[in-house]
Amino acid sequence: MGTTMEEKSSMEVEQQPRKQVSSSSSSSAPIWKMVAVASIATGLQFGWALQFSLLTPYVQLLGVPHKFASFMWLCGPISGIVVQPLAGHYSDNCTSLFGRRRPFIASGALLVILAVFLIGFAADIGHAAGDRLGKTTKPRAVTVFVIGFWTLDVANNTLQCDQGSDTLVVGSER
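Residues numbered from 1 in each chain as written. Predicted model: local features only at pLDDT ≥ 70, side-chain atom pairs only at ≥ 80, totals over all residues. Heavy atoms only, no water.

**Some details on the overall build of the protein chain**
The cut-off we apply is this: Helix and strand assignments come from DSSP, with helices taken as H or I runs of at least 4 residues and strands as E runs of at least 2, each series counted from the N terminus. Accessibility here uses a 1.4 Å probe with only protein chains present; expressed as a share of the type maximum, an area under 20% marks a residue as buried, one over 50% as exposed, and anything in between as partly exposed. Contacts between residues were defined by any pair of non-hydrogen atoms, one from each residue, lying within 4.5 Å. Each accessible area is a Shrake-Rupley result for a 1.4 Å probe, and residues are judged covered by the shown protein chains and nothing else.
Summing up its helical and strand segments, the protein chain has seven helices and zero strands in all. In sequence order, the protein chain lays out its α and β elements as α-α-α-α-α-α-α. For the protein chain, with 174 residues in total, the buried portion stands at 33%. Taking contacts inside the protein chain between residues at least 6 apart in sequence as the whole, the part at least 24 apart equals 73%. Only carbon and sulfur atoms are counted for the fraction: they give 66% of the accessible area of the protein chain, which is about 11,500 Å².

**Quick word on the UniProt feature "transmembrane region" (unreviewed entry) in the protein chain**
As a reminder of what qualifies: UniProt positions are given in the numbering used here, feature names are shortened, and annotations may be inferred rather than shown by experiment.
Using the residue numbers shown here, the UniProt feature "transmembrane region" (unreviewed entry) corresponds to residues 31-50, 70-91 and 103-123. For residues 31-50, helix accounts for 100% and strand for 0%, while the C-alpha atoms at its two ends are 28 Å apart. The span residues 70-91 carries 77% helix and 0% strand; its end-to-end C-alpha distance comes to 32 Å.

**Focus: the packing of helix 2 (residues 31-61) against helix 5 (residues 102-120)**
Counted only if it meets this: Axis definition: a line fitted to C-alpha atoms, limited for helices to the stretch in contact. Angles are taken between N-to-C directions and run from 0 to 180 degrees. Put simply, angles under 35 degrees are roughly parallel, angles over 145 are roughly antiparallel, angles from 65 to 115 are roughly perpendicular, and the rest are oblique. If you view the pair so one helix is near and one far, a crossing is left-handed when the near helix is turned anticlockwise from the far one by less than a right angle, and right-handed when it is turned clockwise.
Where helix 2 meets helix 5, the closest approach of the two axes is 12 Å, and the angle between their N-to-C directions is 25°. On the basis of their axis angle, the class for helix 2 and helix 5 is roughly parallel. In the packing of helix 2 onto helix 5, the handedness of the crossing is left-handed. Residues I40, L50, L54 and Y58 of helix 2 lie in contact with helix 5, whose contacting residues are I105, V116, I119 and G120.

**Focus on the pattern of salt bridges**
Put simply, the rule reads: Definition used for salt bridges: Asp or Glu carboxyl oxygen within 4 Å of a side-chain nitrogen of Lys or Arg.
With the rule as written, the count across this model stands at three salt bridges. Of the charged contacts, one joins D92 and R100 as a salt bridge, the two residues approaching to 3.8 Å between their closest N and O atoms. Look at D92 and you get partly exposed, because its relative accessible area is 40%. D131 is the salt-bridge partner of R140, the closest N and O atoms lying 3.2 Å from each other. When salt bridges that share partners are traced, they join D92, R100 and R101 into one network.

**Describing the environment of D153**
Structurally, D153 is set in helix 7 (residues 139-162). Taking relative accessible area as the criterion, D153 reaches 1% and is therefore assigned buried. Placed 38 residues apart in sequence, D153 and A115 show a C-alpha to C-alpha distance of 8.8 Å. For D153, the contacting residues outside a window of four places in its chain are W48, Q51, C75, G76 and S79.

**Thoughts on the nonpolar core**
The nonpolar side chains of a soluble globular protein tend to be buried, and buried together. Worth spelling out the cut-off: We define the nonpolar core as a collection of buried residues of types Ala, Val, Leu, Ile, Met, Phe, Trp, Tyr and Cys that are connected through side-chain atoms lying within 4.5 Å of one another.
Ranked by internal contacts, the top residues of the largest apolar core, which has 25 residues, are L55, V59, L62, M72, F145 and F149. Among the secondary structure elements, those contributing two or more residues to this core are helix 2, helix 5 and helix 7. In terms of residues, this core owes the most to one element, helix 7, which gives eight residues. In contact with F145, other than residues within four places in its own chain, are L54, L55, Y58, V59, L62, M72, I119 and A122.

**A closer look at the packing of aromatic side chains**
We apply this condition: Any Phe, Tyr or Trp ring, taking Trp's six-membered ring, that has another such ring centre within 6.5 Å forms a pair; planes under 30 degrees apart are called stacked, those over 60 apart edge-to-face, and the others tilted.
Taken as a whole, this structure holds three aromatic pairs when the rule is applied. Judged by centre distance (5.2 Å) and plane angle (55°), the rings of Y58 and F145 are tilted. Placement of the pair is Y58 in helix 2 and F145 in helix 7, with a sequence separation of 87 residues. Look at F145 and you get buried, because its relative accessible area is 1%. Taken together, a centroid distance of 6.0 Å and an interplanar angle of 20° make the contact between F145 and F149 stacked. With F145 and F149 both in helix 7 and four residues apart, the pair spans about one turn of that helix. Linked through ring pairs, Y58, F145 and F149 together constitute an aromatic cluster.

Here's what the structure looks like:
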C-alpha cells in the first residue's frame, strides 16, 4: 500500500522537533508584582475574617439581641451589589496619574484602617459619647460598631473589585 501526499505531509509534521517554550519569557510578570497582588488578596481575606469572627459576638456584647444582630449580615450582599459595580466602573474610567486601579486599592486600604479602628474601639467611643458602663445596651457603641462594620464591608468590596483585575499586565500603567 502506498501512502498519499496528505499522509506524508502529516508524518513529516509529526517528526519535526517541537520548539521549547521559555519559562522566562518577556510576558511573565515579575515576582514582586505577583507578591503585591497576592498581598491585596491576603489583606482582603483578613478583612472578611474579621467581619465573620466579630459580628455576632461583639454586637451581643454591646447589648444587641441575637435576633437583631442577624440583620447586620444584610450589609454584605447589599454593599456588594452596590459597591463592586460602582468601583469597577469608576476604576475602569479612572485617569489618575497613579493608574486606574491604585487609587481604589489605596482608598480601600485606608477605609479598612478606619473601619478596624471604629470596630475595635466602638465600646470606648460609645462610653466617651455617653454610654453608661452598667447598662446592658450601649446604643452609641452599637452605632459606632455598625458604621465601622459597614465601612469595612464597603472597603472589602472596593478592594475585591480591583484585586488582581489587571495589575499583572506587564508594562501596564494601570
